[in-house]
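What the coordinates show
Single-letter residue listing:
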2 protein chains.
Amino acid sequence: MSVTTPLGFRASGATAGLKPSGNPDVALVVNDGPSFTAAAVFTDNRCKANPVLWSEQVCKDGQVRAVALNSGGANCYTGPEGFQTTHASAEHTAQQLTASAVPGAATAAIDVAICSTGLIGELLDRDKLLTGLTEAVAKLSDDGGQAAATAIMTTDTRAKQAKHAGAGWSIGGMAKGAGMLAPSLATMLVVITTDAALDPVAADLALRAATSATFDRLDSDGCMSTNDTVLLMASGASGVTPTHEEFTAGLTAVCHDLGQQLIGDAEGAEHDIAIEVVHAATQQDALDAARAIARNNLFKCAVFGKDANWGRILAAVGTTRAAFDPATLDVAFNGVWVCRDGGIGESRDLVDLSRRQVEVTVDLKAGQESATIWTNDLTHAYVHENSAYST
Amino acid sequence: MSVTTPLGFRASGATAGLKPSGNPDVALVVNDGPSFTAAAVFTDNRCKANPVLWSEQVCKDGQVRAVALNSGGANCYTGPEGFQTTHASAEHTAQQLTASAVPGAATAAIDVAICSTGLIGELLDRDKLLTGLTEAVAKLSDDGGQAAATAIMTTDTRAKQAKHAGAGWSIGGMAKGAGMLAPSLATMLVVITTDAALDPVAADLALRAATSATFDRLDSDGCMSTNDTVLLMASGASGVTPTHEEFTAGLTAVCHDLGQQLIGDAEGAEHDIAIEVVHAATQQDALDAARAIARNNLFKCAVFGKDANWGRILAAVGTTRAAFDPATLDVAFNGVWVCRDGGIGESRDLVDLSRRQVEVTVDLKAGQESATIWTNDLTHAYVHENSAYST
């Protein structure tokens, strides 16, 4: 049930002292091969953190030996000095791994991906980080997945892990993220391991297919992060090469599981909201309409107040260019069609929004496509956590 | 200082009983001529309220005799029955005005614009509304502007009015709006009167120029309304025709004044934030970057917490396609440049965010254009008001 579930991986968690709480804050996941295939997706944000700028280069050749992650600081918007810290982390991890490995199994810095999470706009303490990485290398073990998943937590209230068992191969994953969950990408730190034997092209295709249907459709608060990374590493240690369909399905299941754990632990949220738009003319129309609703603060406040306020849904859909006729829109909360043909439908008193899970369905009556975006409500606690975050 | 400041207008407020509070809820503004020139801008939302669908038709010929407004119900997403209520309001107002006028000065329903505000998705009580309109016609007076401005309030805490004095002509205006203030248009109910002598083309040109630089740049909470209307009526009673530049400048000043009153009274807000983007390659780039910041919930929460969190500003700007280099961005809060060249600048401890007014400046270093978007912070009170709104 972790990144060390598949064969060929070791992991660890360590405490570098980057967090004021003194909780573990450095994680390491190492691929022991025989294959070092990797694929990654990164945030679409043009203002990227230093570890993203570094890891984009590391992943370009489809080969990654290890990934070092830290919480307690995002190393974002920290300029050349911050980039040097990222680079030093990779160098140091590579040296330590090479020193502890059998002769001939050297790891180069350019094969070590780096991920960081925490406050942005503040320098990381480089000395503490490197000391923590030394400890992380020393602690590596083939059941260290849980420790790694714990060390990457920030405002997460629980470690997030998932797995998938194939026929003779498996996938394991861990994730962190409890805010800034938004669109068009990764939007969190995720490391996924597999012992399937994959080439880099197959890994990349599968990862893009899986993330586009899962992480890309999470939109907790509309805010796109600066550090988001989803990294897939494949050791080939099972000796099995699943079909593209088999592997993509398993990977998508793991990504979906982790994504739902992220939404379920979003900062201050009291409701997890699945917004499904059906009978859209195109997939993009369905996504656009669903995302417009997911980003509407008035709608999100209404759900917090357990109010099936369908008018705010129509007002949100009305801002899109999706094909629909305002006079024929239907909207349901948890299966109760409170809006029919753009007007008053069943009584909203029939809707029970006391449970955490909320399903909103919007029928555009314009075609055969559908899509779902997952979001959260907007609560007092969200405002509180995000106004007090850096103090 | 009201819609009855210019010559040729009467106005009134009345109580139809549409509001549970029993406060005034019907307003009427009548143009007594000699000219009946009008221009209007409406919400861009594709899901429009019934009064907007009606008033779009009324304003098409550039002639409006009167506008009847009600609070206590938006008559939005109320289907054919709701549209009939709007139509009946115009018919009834026209009949009452004709009956009370000198012989020969008949008003037709198609010259009566209708505006409604309040909850959406609920039917208005037609009988109460018509009775209130009868009272409003009876109460019309040439100093009724204040009463009209008071009757259109919903969650507004104060009536909003403005004026401009030209050389022998004047402009008066009133507005309501305290939430759902967003982009691309009107986004509130605004009635502006002038005794300048204007033809419909001149009125339309001036109104579009004025609103594009003012109301279109308010983005309190990113939520586009369904009922937004800005209506300009010109009586020509002064006999003066100002130049296009003179009139547009005066109209823009009135719109700016009303817009700032709206931002200053936004639901639950504790800060009014002016986001100015400078040295943009294009005006659109400046607007896109400023609007991305204005809609970033994490940024808005930070300002509520009096935290000059410039990292969230960079993360927001990074989601746009504006021309800029992430490594050279500068950001200031109230003149303190806390971010220099995409990294740490002056200490954020130098920034005092205790005052209601906050100025954020972002220097894209990509050209010579600039633009400002006005927004509010995201507070506990905003969440509370908008989650409890319909209960």
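Counting from 1, residues in each chain are numbered in the order their sequence is written. Chains carry letters and ligands carry numbers; both start at the beginning, A for chains and 1 for ligands, and go up in the order they are written. Selection of residues for local features in this predicted model requires a pLDDT of at least 70, selection of side-chain atom pairs for listing and counting requires 80 or more, and totals for whole chains, interfaces and linings are taken over all residues. Excluding hydrogens and water, the side-chain figures rest on all heavy atoms present in the structure.

In the annotation of an unreviewed UniProt entry, chain A is listed under the name Arginine biosynthesis bifunctional protein ArgJ and assigned to Actinopolymorpha rutila. Chain A has a UniProt comment under Subunit (unreviewed entry) that states "Heterotetramer of two alpha and two beta chains." UniProt positions are given in the numbering used here, feature names are shortened, and annotations may be inferred rather than shown by experiment. The annotation that UniProt attaches to chain A under Sequence similarities (unreviewed entry) is "Belongs to the ArgJ family."

**Observations concerning the overall build of chain A**
For chain A, the count of helices and strands is ten helices and 15 strands. All radius of gyration figures rest on C-alpha atoms, and the globule criterion is 2.2 Å times the number of residues raised to 0.38. In terms of C-alpha radius of gyration, chain A reaches 22 Å, essentially the compact-globule figure of 21 Å for 391 residues. Principal axes of the C-alpha set define a box for chain A whose edges measure 75 × 50 × 35 Å. Here the analysis covers contacts within chain A between residues at least 6 apart in sequence; of these, 80% occur between residues at least 24 apart. To be clear on the numbers: accessible area is Shrake-Rupley with a 1.4 Å probe, and residue cover counts the displayed protein chains and nothing else. For chain A, the accessible area works out to roughly 13200 Å², and carbon and sulfur atoms hold 52% of it. The positive count covers Lys and Arg only, the negative count covers Asp and Glu only, and His and the chain ends enter neither. The location of each charge is read from NZ of Lys, CZ of Arg, CG of Asp or CD of Glu. Positive and negative charge centroids in chain A, built from 26 and 44 side chains respectively, lie 3 Å apart. Only runs of H or I of at least four residues qualify as helices and only runs of E of at least two qualify as strands under DSSP, and these elements are numbered from the N terminus. Contacts are assigned to residue pairs with any non-hydrogen atoms lying within 4.5 Å of each other.

**Here's the deal with the pattern of salt bridges**
Salt bridges, as used here, are contacts in which a Lys or Arg side-chain nitrogen is within 4 Å of a carboxyl oxygen on Asp or Glu. Here the structure, examined in full by the defined rule, presents 28 salt bridges over all chains. Among the ionic pairs, A:Asp341 bridges to A:Lys365, the shortest N-O distance being 3.2 Å. Placement of the pair is A:Asp341 in the loop between strand E12 (336-340) and strand E13 (343-344) and A:Lys365 in the loop between strand E14 (357-363) and strand E15 (369-376), with a sequence separation of 24 residues. For B:Glu56, the salt bridge identified is with B:Lys48, shortest N-O distance 4.0 Å. A residue is classified by how much of its surface remains accessible, and B:Lys48, at 21% relative accessible area, is partly exposed. Note on classification: 1.4 Å probe, protein chains only; a residue is buried when its accessible area is under 20% of the maximum for its type, exposed when over 50%, partly exposed between these limits.

**Notes on the packing of aromatic side chains**
In this analysis, rings of Phe, Tyr and Trp, with Trp reduced to its six-membered ring, are considered paired at centre separations within 6.5 Å, and the interplanar angle assigns stacked below 30 degrees, edge-to-face beyond 60, and tilted for intermediate values. Tallied over the full model, the rule gives eight aromatic pairs over all chains. A ring pair is formed by A:Trp310 and B:Tyr77, whose centres lie 6.2 Å apart and whose planes are at 35 degrees; its orientation type is tilted. Of this pair, A:Trp310 sits in helix H9 (residues 310-317) while B:Tyr77 sits in the loop between strand E4 (66-70) and helix H2 (79-100), placing the two residues on different chains. Their ring planes at 40 degrees and their centres at 6.5 Å tell us that B:Phe299 and B:Phe333 sit as a pair that is tilted.

**Points about the interface of chain A and chain B**
Where interface size is given, it is often the accessible area lost as the parts come together that is meant. Taken residue by residue, the interface counts 49 residues in chain A and 49 residues in chain B. Surface buried jointly by chain A and chain B totals about 4100 Å² across both partners, of which 61% is contributed by carbon and sulfur atoms. Sorting the residues of chain A by area buried against chain B places A:Arg46, A:Tyr77 and A:Leu298 first, and these three jointly supply 16% of that buried surface. The interface formed by chain A and chain B contains zero salt bridges. Each polar contact in these results corresponds to two N or O atoms within 3.5 Å; when the atoms are within protein, one needs to be able to donate a hydrogen and the other to accept it, and residues that are neighboring in sequence are counted only if both atoms are side-chain atoms. The tally of links from chain A across to chain B stands at 16 residue pairs in polar contact (both at pLDDT 80 or more). Mapped onto the side of chain A that touches chain B, the elements with two or more residues apiece are helix H8 (297-304), H9, E13 and helix H10 (380-387) of chain A. It is H10(A) that provides the largest number of residues to the side of chain A that touches chain B, a total of six residues. In this count, Pro and Cys sit with the nonpolar residues alongside Ala, Val, Leu, Ile, Met, Phe, Trp and Tyr, while Asp, Glu, Lys and Arg are called charged and the others, Gly among them, polar. Split by residue class, the side of chain A that touches chain B holds 23 nonpolar, 18 polar and eight charged. By buried area we mean the combined loss of accessible area, with a 1.4 Å probe, across both parts when two parts are placed together.

**Notes on the relation of the copies chain A and chain B**
Least-squares fitting of one copy onto the other uses the C-alpha atoms of those residues that reach a pLDDT of at least 70 in both copies. Of the two same-sequence chains, chain A is brought onto chain B (RMSD 0.0 Å, axial shift 0.0 Å) by a rotation of 180 degrees. A rotation of that kind, with that shift, is consistent with a two-fold axis. Judged by C-alpha distance, A:His380 is the residue of chain A that lies nearest the rotation axis, at 2.6 Å. The fraction of interface residues of chain A whose copies in chain B are also interface residues reaches 100%, indicating that both copies meet through the same surface.

**Some thoughts on the UniProt feature "binding site: substrate" (unreviewed entry) in chain A**
Here the UniProt-annotated "binding site: substrate" (unreviewed entry) positions come out as A:Thr154, A:Lys176, A:Thr187, A:Glu267, A:Asn386 and A:Thr391. Along the chain, A:Lys176 turns up in strand E7 (residues 170-176). Residues contacting A:Lys176, with those up to four places away along its chain left out, are A:Thr117, A:Ile152, A:Thr154, A:Asp156, A:Met188, A:Leu189 and A:Leu262. For A:Lys176, the side chain forms a polar contact with the side chain of A:Thr154, separated by 3.0 Å. When you line up the elements, A:Asn386 lands in helix H10. Not counting residues up to four positions away in its chain, the partners in contact with A:Asn386 are A:Glu267, B:Leu298, B:Cys301, B:Ala302 and B:Arg312.

**A look at the sheet that holds E13(A)**
Residue and element names in this part refer to chain A. Note on pairing: two strands pair once DSSP finds at least 2 bridges between them. The strand order across the open sheet built from six strands is E13-E12-E11-E14-E10-E15, with neighbouring strands paired in mixed fashion. The open sheet terminates on both sides in strands that have one partner only, identified here as E13 and E15. Bridging between E12 and E13 involves two bridges; their strand directions are antiparallel. Pairing of Cys339 across the sheet is with Ile344, part of E13. Working convention: axes come from line fits to C-alpha atoms, limited for helices to the stretch in contact. Angles between N-to-C directions cover 0 to 180 degrees. Contacting strand E10 (272-280), E14 and E15, helix H7 (residues 283-294) crosses the sheet at an angle of about 20 degrees to E15. Sitting on the sheet, H8 is in contact with E10, strand E11 (330-333), E14 and E15, with an inclination near 125 degrees to E10.

**Overview of the packing of helix H5 (residues 200-212) of chain B against helix H6 (residues 244-264) of chain B**
Helix-helix packing is described using two parameters, namely the angle between the two axes and the distance between the axes. All names here are of chain B. Packing of H5 against H6 leaves a shortest axis separation of 9 Å and a crossing angle of 45 degrees. Judged by the angle between their axes, H5 and H6 are oblique. Every pair of crossing elements has a handedness; the one defined by H5 and H6 is right-handed. Between H5, through Leu205, Ala206, Leu207, Ala209 and Ala210, and H6, the contact on the second element is made entirely by His244, Phe247, Thr248, Leu251, Thr252 and Cys255. Taken together, the residues of the contact of H5 with H6 break down into eight nonpolar, three polar and no charged. Here is the rule for angles: anything less than 35 degrees is roughly parallel, anything more than 145 is roughly antiparallel, 65 through 115 is roughly perpendicular, and the remaining ranges are oblique. Crossings are assigned a handedness: left-handed for a near helix turned anticlockwise from the far helix by less than a right angle, right-handed for a clockwise turn.

**Brief notes about the domain arrangement of chain A**
All names here are of chain A. Domain boundaries assigned for chain A yield domain 1 (9-264) and domain 2 (272-387). Contacts between the two partners involve 15 residues from domain 1, matched on the other side by 16 residues from domain 2. Of all residues in domain 1, Arg217, Asp219 and Ile263 give up the largest surface area on contact with domain 2, accounting jointly for 49% of the area buried on that side. Salt-bridge contacts for Asp219 lead to Arg295; the nearest nitrogen and oxygen are separated by 2.8 Å. At the junction of domain 1 and domain 2, the tally comes to nine residue pairs in polar contact (both at pLDDT 80 or more). The class makeup of the residues in the side of domain 1 that touches domain 2 is four nonpolar, seven polar and four charged. Note that the domain bounds reflect an automated or database-derived domain assignment.

**Thoughts on the confidence of the model for chain A**
What pLDDT conveys is the predictor's confidence in a given residue, as a value from 0 to 100. Per-residue pLDDT for chain A has a mean of 93; in total, 97% of the residues score no lower than 70. Contacts of residues 182-187 of chain A to residues separated by more than four positions or lying in other chains number 35 contacts, the stretch itself having pLDDT below 50.

**Here's the deal with the environment of B:Ala88**
All names here are of chain B. Structurally, Ala88 is set in helix H2. Placed 42 residues apart in sequence, Ala88 and Leu130 show a C-alpha to C-alpha distance of 7.9 Å. Residues contacting Ala88, with those up to four places away along its chain left out, are Arg126 and Leu130.

**Regarding the pairing of strand E1 (residues 9-14) of chain A**
Residue and element names in this part refer to chain A. Buried residues dominate E1, accounting for five of its six residues. Across six bridges, E1 lies against strand E2 (residues 26-31) in antiparallel orientation. Bridged to Arg10 within E2 is Val30.

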